[in-house]
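Take a look at the letters that make up each chain.
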Amino acid sequence: MSELKNTIRRLKEENNAVILAHYYVEDDIQDIADYIGDSFYLSQIATKVEADTIVFCGVSFMGESAKILNPEKTVLMPDATADCPMAHMAEEEKIRQMREKYEDLAVVCYINSTAELKKLSDVCVTSSNAVKIVRALPNQNIFFIPDGNLGRYVAEQVPEKNVLLNTGYCPIHAQMTADAVKKAKAEHPEAEVLTHPECTEEVVALSDYIGSTSGIIDYAEASDKKEFIVCTEVGVFYELKNKNPDKIFYPIMEQQICPDMKKITLEKIIHVLETKENEVQVSDELRARANAPLVNMLELGK
Ligand code: 13P
Ligand code: SF4
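Parameters at a glance
- Residues numbered from 1 in each chain as written.
- Chains lettered and ligands numbered in written order.
- Predicted model: local features only at pLDDT ≥ 70, side-chain atom pairs only at ≥ 80, totals over all residues.
- Heavy atoms only, no water.
- Phe/Tyr/Trp six-rings, centres within 6.5 Å; stacked < 30°, edge-to-face > 60°.
- Helix = DSSP H or I, 4+ residues; strand = E, 2+ residues; numbered from the N terminus.
- Buried < 20%, exposed > 50% of the residue type's maximum accessible area, 1.4 Å probe, protein only.
- Near = heavy atom within 4 Å.
- 1 Å grid on protein atoms, 1.4 Å probe; cavity = no way out; pocket = protein on both sides within 12 Å on 5 of 7 lines; lining within 4 Å.
- Sits in = over half its atoms within 2 Å of the grid points.
- Nonpolar A, V, L, I, M, F, W, Y, C, P; charged D, E, K, R; others polar.
- Pairing = 2+ DSSP bridges.
- Axes fitted to C-alpha atoms, helices over the stretch in contact; angles between N-to-C directions.
- Contact = heavy atoms within 4.5 Å.
- Polar contact = N/O pair within 3.5 Å; in protein donor to acceptor, adjacent residues only side chain to side chain.
- Areas by Shrake-Rupley, 256 points an atom, 1.4 Å probe, with all protein chains shown as cover.
- Core = buried A, V, L, I, M, F, W, Y, C linked by side-chain atoms within 4.5 Å.

Q: Can you walk me through the packing of aromatic side chains in this structure?
A: Ring pairs (aromatic) are described by centroid distance and by the angle formed between their planes. Scanning the entire structure with this criterion turns up two aromatic pairs. Taken together, a centroid distance of 4.6 Å and an interplanar angle of 20 degrees make the contact between Tyr-209 and Tyr-219 stacked. On the criterion of sequence distance, the pair formed by Tyr-209 in strand S10 (residues 209-210) and Tyr-219 in helix H12 (residues 213-222) is long-range, its members being 10 residues apart. Owing to a relative accessible area of 25%, Tyr-219 belongs among the partly exposed residues under this scheme. Summarising the aromatic geometry, the rings of Phe-228 and Phe-249 are spaced 5.4 Å apart at their centres and angled 15 degrees between planes, so their arrangement reads as stacked. In this pair, Phe-228 sits in strand S11 (residues 227-231) while Phe-249 sits in strand S12 (residues 248-250), placing the two residues 21 residues apart along the sequence.

Written out as structure tokens, the structure is:
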């Protein structure tokens, strides 16, 4: 293992490359990353790094966003098939109908979306800034795509707006059940429940804290509680345990695993650094239109 990591260090230097990784990738990838974080942090970092090449250890919308924000950089994906199913769960025709129906409509697009959906949107958001950005928009009518669960959570937090929901969902978070949370609470009555807003309404209702992966990590660190039930992908456990060796973290079920995030391996990082395969390509036309909602997010989410 350390041989693979040494090879990656050498290749990074030779290629003037940095490695960005989301909290959901495997522990050994988080270990080797130069920057690790939630979706918002990673999109901010992507605009700040000086290296020529970014190796993005995450799913395709993350690499695509990094490329749109930094067209002059080479962005490499260790596995070109690592994709977020939710990123495709909205329809152009529905967006068009909504724009026709509501004159002042703002289409708010969760960053977990294809560039094709971003280009039809007014502003992007992540789970860490969606509430803040929707609240700050001048528009009264908001069409939130693609995640219906995050959209519903935002609607609850910003009741003064008319937030229209789409039916997309994260298959990993949506399968987490209220029964599983109740069972975990019964087994660990002292534990606080920390939940990602991609979870269902029933799971969110049983939670003590709702936030992005970084939010969950920060909350657990600041809390004086010792035990936590964590309703998000198990990749976050690595950072949670590293930062809090004296605290205990419980998943609610076995399958809190995003198979696409787990496709990233050390061998695949070496492969793309050696071959430059899987370079993210975004056409000029698509980039020109998908860039504005991302830049709006970086401004409004500051
Ligand atoms: P955050 O990184 O904003 O917590 O989102 C989680 C996620 O599902 C990324 O795909
Ligand atoms: Fe997409 Fe869900 Fe995987 Fe995040 S955890 S990348 S939202 S499928």
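Q: Whenever I open this one, the site of ligand 2 confuses me. Can you help?
A: Close contacts around ligand 2 come from Tyr-24, Val-59, Cys-84, Pro-85, Met-86, Asn-112, Cys-170, Ile-172, Glu-198, Cys-258 and Met-261, and that covers them all. Counting atoms within 2 Å of the grid points, the majority share of ligand 2 lands in the largest cavity. Classifying every residue of the shell around ligand 2 gives nine nonpolar, one polar and one charged.

Q: Got a minute to help me understand the sheet that holds strand S7 (residues 141-145) in this structure?
A: Spatially, four strands are ordered S6-S5-S7-S8 in an open sheet, and the strand pairing comes out parallel. Lying at the two open borders of the sheet, with one neighbouring strand each, are strand S6 (123-125) and strand S8 (162-165). The average angle at which neighbouring strand axes cross in this sheet is 30 degrees, direction not considered. Two elements, strand S5 (residues 106-110) and S7, share four bridges in a ladder whose sense is parallel. Bridged to Ala-106 within S7 is Ile-142. Packed onto the sheet, helix H5 (residues 92-101) meets S5, S7 and S8 and runs at close to 175 degrees relative to S7.

Q: How should I be thinking about the site of ligand 1 in this particular structure?
A: With respect to spatial proximity, 14 residues lie near ligand 1, and among them His-22, Ser-39, Ser-127, His-196 and Thr-213 are the closest. For ligand 1, an oxygen atom lies 2.6 Å from a polar atom in the side chain of His-22. Measuring from an oxygen atom of ligand 1, one finds a side-chain N or O atom of Glu-198 at 3.0 Å. Burial of ligand 1 by the protein amounts to 96% of the accessible area it has alone, namely 300 Å². Because more than half of its atoms lie within 2 Å of the grid, ligand 1 is assigned to the largest cavity. When the residues that make up the shell around ligand 1 are grouped by side-chain class, the tally is five nonpolar, seven polar and two charged.

Q: Where do I start with the nonpolar core in this structure?
A: Note that soluble globular proteins tend to have their nonpolar side chains buried in a common cluster. Residues Phe-56, Cys-57, Phe-144, Ile-269 and Met-297 are the most contacted members of the largest nonpolar core, which totals 109 residues. Ignoring any residue separated from it by four or fewer positions in sequence, one finds Phe-56 in contact with Leu-20, Leu-42, Met-62, Gly-63, Ala-66, Val-75, Leu-76, Met-77 and Pro-78.

Q: Explain helix H3 (residues 39-46) here, please?
A: The element H3 is largely enclosed, with a buried count of six among its eight residues. Taken together, the buried positions of H3 are Ser-39, Phe-40, Leu-42, Ser-43, Ile-45 and Ala-46. Where the residues of H3 are buried, they touch strand S1 (17-22), strand S2 (35-37), strand S3 (53-57), helix H4 (60-69) and helix H15 (284-300).

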